[in-house]
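Geometric and topological summary
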Amino acid sequence: MTSNSPACVVQVRITEADFDAGEELQSLYARAPGDLGAVATFVGLVRDLAGDEPVSTLHLEHYPGMTERSIEAIVERAGERWPLLDVLVVHRVGPLAPRAQIVYVQTASSHRDAAFAAAEFIMDYLKTDAVFWKRESGPSGERWVESTAADRQRRGAWDGSDGAV
Amino acid sequence: MTSNSPACVVQVRITEADFDAGEELQSLYARAPGDLGAVATFVGLVRDLAGDEPVSTLHLEHYPGMTERSIEAIVERAGERWPLLDVLVVHRVGPLAPRAQIVYVQTASSHRDAAFAAAEFIMDYLKTDAVFWKRESGPSGERWVESTAADRQRRGAWDGSDGAV
Amino acid sequence: MSTVQAREIRVLFFASLREAVETDTLSIDITGPVSLDELLARLKERLPPTAMTALTAENVRLAVNQTLINPPVMVQPGDEVAFLPPVTGG
Amino acid sequence: MSTVQAREIRVLFFASLREAVETDTLSIDITGPVSLDELLARLKERLPPTAMTALTAENVRLAVNQTLINPPVMVQPGDEVAFLPPVTGG
């Protein structure tokens, strides 16, 4: 944040528990300072299918401490680009069934363009830079999931690079 | 939607009542067909300030029937551009205090890029094309609010025009 | 449309135009199709000049039966005509 | 760091690498700073060749004390070294 910006409140929560977007929004309204006008949110869900393969469980693993910091670093970069008032990232770990909520990103600003851009930026970087690992189980066994070339291109588009690591 | 797309479920609700994003998401998860993976949402709130003027109440007025159809037309255009599974727009009318929720846009898709783009598109068009009128009351009196030149530019950017009406 | 309503046009005024006109609805009796200019002439008989200036401002749009239209247009008995100042939602 | 821990490096393996190595943690005793190559040589004494191939794959990244690093690097007694296969969140 530049010295002219009010401090952005950042919360990162890694948890096995589910979350409720309505509750998170009410907490935001209670705590948010200043001229709050726009909140963009994103919820990622476990998909029924990986390609054409049914998924029975997605297992999410993390590196306690480093994972939180990897997300904080992503949020900090977003805060340098857009005037944000408040950012919350909730990311679940452990075994998750299809249709379970995995990730919640909530970005608050005075104006919608900053809120939208920051939420999308954070999601794109979570795909490529956040320290998580995913293993899908299905009828034909298990496999580790990696970020896709499309994910890396989307991440790279934010800084003008081709996303190559 | 093309004939290859599954039908997109569209709901538009104009109401004086408040809404709960958590409840709307749970309803979505219960009804959504197919390969749901990504939900983008946006909440607009009454801002404390209009420029430097404090706002005590925002009054929202609509044209019953025509307003709903103006929003449905916006959602339909979004559905032609992105593969959406489900779209909900809740828009409040009547007198609203600062920090009250005004508008909720919820777009569901298999992938996050479609969900984000459609939510932002719908919000941009709501600012310029949805049939609502807003009157701000404050200590120095009342004034009618119009969409801004920036709003019209953002709307125009989606179709390559300059947004001039 | 019922036959009772079919000899009038219902004219609606919203937001700042409702304030300028000091009513939200007027009914204009007609016996057949009329042009928008004819409708405006009939409104002029019942509204003060300042109201007419507001209704014919460049940024006012017209809806007939809840669909935006561009003049010239003919309106029919039973139609609903609305004067809309600049809109903004979201 | 306590003096009890300060003569060893704690090595962590995550996800597919944990499966390849068949453990999530190893402790390597050292008496002073060692290079990453020296650490790998010590691991080689305790792990099967297939595990070493997995740990040295091109897409494996290393973190020292929870910060990503690029070799060459020296590690110290008390450090935590983690082998990270490609990550993805969201």
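Quick word on the confidence of the model for chain C
Here chain C averages 92 in pLDDT, while 94% of its residues score no lower than 70. If you check the scores for this complex, the pTM reads 0.92 and the ipTM reads 0.91.

As for the packing of aromatic side chains
Following the criterion strictly, the structure yields 18 aromatic pairs over all chains and no others. Between the aromatic rings of A:W82 and A:F121, the centroid separation amounts to 5.3 Å while the plane-to-plane angle is 75°, which identifies the pairing as edge-to-face. Linking A:W82 in the loop between α2 (66-81) and β6 (84-92) with A:F121 in helix α3 (residues 112-129), this pair joins segments that are 39 residues apart in sequence. The buried category is assigned to A:F121, whose relative accessible area is 0%. The interplanar angle of 85° and the centroid separation of 5.5 Å between the aromatic rings of B:W82 and B:W158 together place this pair among those described as edge-to-face. Of this pair, B:W82 sits in the loop between α2 (66-81) and β6 (84-92) while B:W158 sits in helix α4 (residues 149-159), and the two are 76 residues apart along the sequence.

Focus: the nonpolar core
Of all hydrophobic cores here, the largest spans 71 residues; its most connected members are A:V105, A:I122, A:L126, B:W82, B:V105, B:I122 and B:L126. If near-sequence neighbours (up to four positions away) are discounted, B:V105 is found in contact with B:A40, B:T41, B:F42, B:L88, B:V89, B:A119, B:I122, B:M123 and B:L126. Among the nonpolar cores identified, the runner-up in size contains 30 residues, and A:A21, A:L36, A:V90 and B:L25 belong to it.

Here we look at the interface of chain A and chain B
At the junction of the two partners, chain A supplies 37 residues and chain B supplies 37 residues. Summing the contributions of chain A and of chain B, the shared interface buries around 3300 Å²; its carbon and sulfur component is 49%. A per-residue breakdown of the area chain A buries against chain B is headed by A:R99, A:R112 and A:F116, which together make up 24% of the total. In this structure, A:D113 engages B:R154 in a salt bridge whose closest nitrogen and oxygen atoms are separated by 4.0 Å. Taken together, the links from chain A to chain B amount to 19 residue pairs in polar contact (both at pLDDT 80 or more). Residue assignment for the side of chain A that touches chain B shows that the elements contributing at least two residues are α1 (21-31), β2 (38-45), α3 and α4 (149-159) of chain A. Looking at the side of chain A that touches chain B, its residues break down into 17 nonpolar, eight polar and twelve charged.

With respect to the pattern of salt bridges
This structure, assessed with the given rule, holds 31 salt bridges over all chains. The salt bridge partner of A:D86 is A:R31, with a shortest N-O separation of 2.9 Å. Taken together, the residues span a long stretch of sequence, with A:D86 in strand β6 and A:R31 in helix α1 at a distance of 55 residues. Linking C:R42 and C:E45 is a salt bridge whose minimum nitrogen-to-oxygen distance equals 3.9 Å. Residue C:E45 is classed as exposed on the basis of its relative accessible area of 61%. Among the charged side chains, a network of salt bridges with common partners joins A:R112, A:D113, B:E120, B:D124, B:D151 and B:R154.

Details of α1(A)
Each α-helix winds once per 3.6 residues, and so residues spaced three or four apart point in a common direction. Residue and element names in this part refer to chain A. Every buried residue of α1 is listed here: A21, G22, E24, L25, L28 and Y29. Buried residues of α1, seen end-on, are gathered within an arc of 160° and therefore sit on one face of the element. Exposed and oriented more than 90 degrees from the buried face of α1 are E23 and A30. The opening residue of α1 is D20, an N-cap whose side-chain oxygen sits 2.7 Å from the backbone nitrogen of G22.

Things to note about the interface of chain D and chain A
Note: interface size is frequently given as the accessible area lost on complex formation between the parts. Facing 21 residues of chain D, the contacting portion of chain A comprises 25 residues. Summing both sides of the interface, chain D and chain A together bury roughly 1800 Å²; the carbon and sulfur share of this comes to 53%. Ranking the residues of chain D by area buried against chain A places D:Q66, D:T88 and D:G90 at the top, with a combined share of 39%. At the junction of chain D with chain A, the criterion picks out one salt bridge. Residues A:E61 and D:R18 are paired through a salt bridge, measuring 2.3 Å at the closest nitrogen-oxygen approach. The tally of links between chain D and chain A comes to 15 residue pairs in polar contact (both at pLDDT 80 or more). Ranked by residues supplied to the side of chain D that touches chain A, first place goes to helix α1 (residues 15-21) of chain D with four residues. For the side of chain D that touches chain A, the residue count by class is ten nonpolar, eight polar and three charged.

Scoring rules and cut-offs
Residues numbered from 1 in each chain as written. Chains lettered and ligands numbered in written order. Predicted model: local features only at pLDDT ≥ 70, side-chain atom pairs only at ≥ 80, totals over all residues. Heavy atoms only, no water. pLDDT = per-residue confidence, 0-100. Phe/Tyr/Trp six-rings, centres within 6.5 Å; stacked < 30°, edge-to-face > 60°. Helix = DSSP H or I, 4+ residues; strand = E, 2+ residues; numbered from the N terminus. Buried < 20%, exposed > 50% of the residue type's maximum accessible area, 1.4 Å probe, protein only. Core = buried A, V, L, I, M, F, W, Y, C linked by side-chain atoms within 4.5 Å. Contact = heavy atoms within 4.5 Å. Buried area = accessible area lost by both parts, 1.4 Å probe. Salt bridge = Lys/Arg side-chain N within 4 Å of Asp/Glu carboxyl O. Polar contact = N/O pair within 3.5 Å; in protein donor to acceptor, adjacent residues only side chain to side chain. Nonpolar A, V, L, I, M, F, W, Y, C, P; charged D, E, K, R; others polar. Arc of directions from axis to C-beta.

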